[in-house]
Amino acid sequence: MSFDVPDERRYLESHEWALETDGVVRVGISDFAQDELGDVVFVELPDEGDDLEQETEFGVVESIKAVSDLYAPVGGEVVAINDDLFDAPELVNEDPFGEGWMLEIEADDPDELEALLTAEEYEDQIA
Amino acid sequence: MPLQTPPLRGIHDERGAKFTEFGGWDMPVEFDSIQTEHAAVREDVGIFDVSHMGQIHVTGPDATELMQRLTSNDVSRLGVGDSQYAAITDEDGTVIDDTVVYRLPDEGETPQDSHGDGDADGEPTYLFVPNAGTDEATHERWLSYRNEWDLEATVDNRTDEYAMFAVQGPNAVDLVASVTEDPVGDLERFEARYATIDGVDCWTARTGYTGEDGFELIVPWADAAEIWTALDCQPCGLGARDTLRIEAGLLLSGQDFDPEDNPRTPYEAGIGFTVALETEFVGRDALAAVDAVGVDERLVGFQLIDRGVPRHGYDITTTESRVIGTVTSGTMSPTLEKPIGLGYVPVEYAEPGTTLQVVVRGQSKKARVETTPFIDTV
């Protein structure tokens with residue numbers, strides 16, 4: 001089985017991806033992670049305005065068979081959450097890098113992303 | 001300890017299954033997705049490899065007495081080709097395991113003799129199906145009581161000789177009937193007979209663990225691949241098996257009751273209908289005493305009203321947050337698209353409609369007691 005690992009993103013070992021645009025970092029979970037979890041049925045996200053630190057827990061994703069904590073790839077303020085996931089958590093399975101995104105963080109220090117895995121490194125991890 | 005592997009491990013792997021350890025066996029948990037597999041069983045037909053289930057074979061002049069004295073139901077009511085759900089209880093009435101007891105054709109008859117209803121003129125013979133990983137202890141239990149009571153019966157653990165498949169769903173009967181040389185559609189619920197598929201005699205029982213119509217087939221390990229292939233439909237893993245049985249309000253041994261971690265009588269577990277107090281069996285006197293005074297706690301079904309998913313081990317509380325019980329099973333119901341679960345609560349909180357709370361990761365979520373099964377079942 002092969003999984004999408006888009007090049008332009010950074011990854012955590014815990015399978016979150018991060019995509020930065022002008023200091024705002026969009027976050028979701030990888031194709032590999034959604035496949036491991038199976039049917040996602042519930043996503044718990046922080047509130048807009050919450051402050052997160054890098055690699056701390058920001059929420060939970062639950063599939064029928066498993067519960068998995070979610071970790072912030074970068075520190076900063078939550079400026080948007082994807083509330084479509086509350087009614088349609090299956091978007092995480094269907095489009096993990098697109099409509100299944102989870103939140104956006106205004107990064108305190110976008111350089112923090114440099115510490116994360118590159119696509120190539122992440123691909124090695126899940127191989 | 002190395003995991004036991006079902007005979008079709010390789011075939012499932014090629015089909016792309018994910019595997020999980022269950023009761024000491026390496027079993028397929030998911031082939032496509034739990035929701036896809038679950039929906040196939042509710043709307044069409046799906047097949048499960050449940051070869052991890054134990055198979056214990058009991059025969060001899062005293063086989064009926066041995067079965068009667070070690071299971072809670074009335075084995076004397078079983079004619080050849082009948083089966084019944086029963087609890088295996090300890091002296092104190094605690095459920096050790098639950099099982100289905102099948103009465104096979106009498107020993108000495110060939111399967112061919114008994115493709116009809118069979119005549120009970122030889123040694124009575126039973127096959128029962130303890131849960132995954134309990135077959136050895138169960139086999140020991142049967143042998144030790146047989147010896148203690150000095151009964152004439154042969155008890156064989158045939159778990160490694162038989163594969164078991166469950167074909168379940170509204171179209172299951174048509175599918176199985178289309179590949180068997182013998183009729184099977186006339187069998188009623190809990191009736192069984194040998195039916196031949198590609199020349200292989202398969203013990204074909206109208207039983208299941210999904211709430212749907214269908215069959216469970218017990219087939220020789222060596223012919224398992226042939227039979228699995230002949231019964232061509234959506235393969236389903238243990239993941240969907242779990243969501244289906246929770247919707248149907250059916251118990252999982254070791255989870256909804258456990259002799260060590262959560263000892264329960266059949267009455268508490270909601271399977272009092274398996275207890276035939278007019279028979280003599282281990283645990284009977286203790287259960288008669290419980291029956292006389294009633295139970296303090298009972299297994300109930302509930303639905304979460306707030307968002308969240310109940311899971312095994314979560315606390316159940318009153319609306320004032322006093323802990324009164326524990327979730328034993330829970331899931332997001334694929335059919336209802338609601339979070340549902342099972343758990344034990346004091347009987348005063350067991351009435352359908354009662355409002356409770358379930359503590360999900362430190363947060364109290366509103367829940368309501370529901371009647372089970374959660375869905376319409378056969």
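Residues numbered from 1 in each chain as written. Chains lettered and ligands numbered in written order. Predicted model: local features only at pLDDT ≥ 70, side-chain atom pairs only at ≥ 80, totals over all residues.

What follows deals with unusual backbone geometry. In the segment running from Thr372(B) into Pro373(B), the intervening peptide bond is cis, with an omega of -5 degrees. Position of Pro373(B) among the secondary structure elements: in the segment after strand 19 (363-370). At Asp22(A), a residue that is not glycine, the phi angle is positive and equals roughly 50 degrees. A positive phi is found at Phe190(B), a non-glycine position, where the angle reads about 70 degrees. Among the residues examined, Phe190(B) registers 16 C-beta atoms within 10 Å and is labelled partly exposed. (Helix = DSSP H or I, 4+ residues; strand = E, 2+ residues; numbered from the N terminus. Buried ≥ 20, exposed ≤ 12 C-beta atoms within 10 Å, placed from the backbone.)

With that out of the way, let us pick up the domain arrangement of chain B. Per the domain assignment, the segments making up chain B are domain 1 (9-51 + 160-247), domain 2 (56-157) and domain 3 (296-370). Just the C-alpha atoms count here: the centres of domain 2 of chain B and domain 3 of chain B sit 36 Å apart. (Domains from an automatic or database assignment.)

The next point concerns the nonpolar core. Of all hydrophobic cores here, the largest spans 130 residues; its most connected members are Tyr102(B), Phe165(B), Val167(B) and Leu217(B). Once residues within four sequence positions are removed from consideration, Leu217(B) is found in contact with Met164(B), Phe165(B), Val167(B), Cys202(B), Trp203(B), Thr204(B) and Ile227(B). (Core = buried A, V, L, I, M, F, W, Y, C linked by C-beta atoms within 7 Å. Contact = placed C-beta atoms within 7 Å.)

UniProt's entry tags residues 24-106 of chain A with the feature "domain: Lipoyl-binding" (unreviewed entry), counted in the numbering of this structure. Structurally, residues 24-106 of chain A is divided into 18% helix and 42% strand, and its ends, taken at the C-alpha atoms, are 5 Å apart. (UniProt positions renumbered as here; feature names shortened; annotations may be inferred.)

Further remarks concern the UniProt feature "domain: GCVT N-terminal" (unreviewed entry) in chain B. All names here are of chain B. As annotated in UniProt, the feature "domain: GCVT N-terminal" (unreviewed entry) corresponds to residues 11-107 and 124-278 in the numbering used here. When the span residues 11-107 is considered, its composition is 23% helix and 40% strand, and the gap between its end C-alpha atoms is 34 Å. Helix makes up 26% of residues 124-278 and strand 25%, whereas the separation of the span's terminal C-alpha atoms amounts to 21 Å.

Interfaces are often sized by the accessible area lost when the parts come together. If you look at the interface, chain A gives nine residues, while chain B gives 13 residues. Only strand 4 (40-44) and strand 6 (57-63) of chain A provide two or more residues apiece to the side of chain A that touches chain B.

With that out of the way, let us pick up the sheet that holds strand 6 of chain A. Residues and elements named next belong to chain A. Spatially, the three strands line up as an open sheet ordered 4-6-7, and their pairing is antiparallel. Unpaired on one side and paired on the other, strand 4 and strand 7 (67-71) mark the two borders of the sheet. Across the sheet, the mean angle from the axis of one strand to that of its neighbour is 25 degrees, orientation sign disregarded. Note that strand 6 and strand 7 share five bridges and pair antiparallel. Bridged to Val61 within strand 7 is Ser68. (Pairing = 2+ DSSP bridges. Axes fitted to C-alpha atoms, helices over the stretch in contact; angles between N-to-C directions.)

Backbone-to-backbone hydrogen bonds join strands into a sheet, with any given pair of strands oriented parallel or antiparallel. Residue and element names in this part refer to chain B. Within the open sheet, the five strands sit side by side as 5-6-7-4-8. Their pairing is antiparallel. Only two strands of the sheet have a single neighbouring strand rather than two, namely strand 5 (83-89) and strand 8 (154-157). For this sheet the average axis-to-axis angle between neighbouring strands, irrespective of direction, equals 25 degrees. Note: strand 4 (residues 56-59) against strand 8, four bridges, orientation antiparallel. By the bridge assignment for strand 8, Thr59 is matched with Thr154. Sheet contacts for helix 4 (residues 135-149): strand 4, strand 6 (95-107) and strand 8; angle to strand 8, the most-contacted strand, approximately 170 degrees.

This part takes up helix 7 (residues 238-247) of chain B. Residues and elements named next belong to chain B. Taken across its ten residues, helix 7 has ten buried, putting it largely inside the fold. Turning to helix 7, its buried residues are Leu238, Gly239, Ala240, Arg241, Asp242, Thr243, Leu244, Arg245, Ile246 and Glu247. Gly249 sits one or two residues past helix 7 and shows a positive phi near 70 degrees.

Further remarks concern the environment of Gly325(B). All names here are of chain B. Inspection of the secondary structure assignment puts Gly325 in strand 16 (residues 323-332). Judged by the 23 C-beta atoms lying within 10 Å of it, Gly325 is buried. Sequence separation between Gly325 and Pro346 is 21 residues; the distance between their C-alpha atoms is 7.6 Å. Not counting chain neighbours up to four residues away, the residues in contact with Gly325 comprise Ile316, Gly343, Tyr344 and Val345.

A separate point is the packing of helix 2 (residues 34-43) of chain B against helix 7 of chain B. All names here are of chain B. At their nearest, the axes of helix 2 and helix 7 sit 9 Å apart, and the two run at 55 degrees to each other. It follows from the interaxial angle that helix 2 and helix 7 lie oblique. Here the hand of the crossing between helix 2 and helix 7 comes out right-handed. Of the residues in helix 7, those in contact with Ile34, Glu37, His38 and Val41 of helix 2 are Gly239, Ala240, Thr243 and Leu244. (Parallel < 35°, antiparallel > 145°, perpendicular 65-115°, else oblique. Left-handed = near helix turned anticlockwise from the far one by under 90°.)

Moving on to the confidence of the model for chain B. Per-residue confidence for chain B gives a mean pLDDT of 95, with 97% of residues at or over 70. Reported confidence for the predicted complex is 0.87 by ipTM and 0.94 by pTM. (pLDDT = per-residue confidence, 0-100.)

To continue, consider the UniProt feature "binding site: substrate" (unreviewed entry) in chain B. Residues and elements named next belong to chain B. The sites that carry the UniProt feature "binding site: substrate" (unreviewed entry) are, in the present numbering, Glu216. Examined against the element boundaries, Glu216 turns out to sit in strand 12 (residues 214-220). Look past the residues within four positions of Glu216 in its chain and what remains in contact with it is Met164, Ala166, Ala205, Thr207 and Gly208.

All names here are of chain B. Where strand 15 (residues 315-317) and strand 18 (residues 355-360) come together, two bridges link them in antiparallel fashion. If you follow Ile316 over to strand 18, its bridge partner there is Val358. Relative to strand 19, strand 18 is paired through six bridges, and the arrangement is antiparallel. Among the inter-strand pairings, Val358 is bridged to a residue of strand 19, identified as Lys365. Linkage of strand 18 to strand 19, two consecutive antiparallel strands, is achieved through a turn of two residues, within which Arg361 is found at a positive phi near 45 degrees.

The next subject is the UniProt feature "modified residue: N6-lipoyllysine" (unreviewed entry) in chain A. Here the UniProt-annotated "modified residue: N6-lipoyllysine" (unreviewed entry) positions come out as Lys65(A). By secondary structure assignment, the location of Lys65(A) is in the loop between strand 6 and strand 7. Among residues more than four places away in sequence, those in contact with Lys65(A) are Gly38(A), Ile34(B) and Gly239(B).

Quick look at the pairing of strand 19 of chain B now. Bridging between strand 14 (residues 297-304) of chain B and strand 19 of chain B involves four bridges; their strand directions are antiparallel. Across the sheet, the residue bridging to Phe302(B) is Val369(B), located in strand 19 of chain B.

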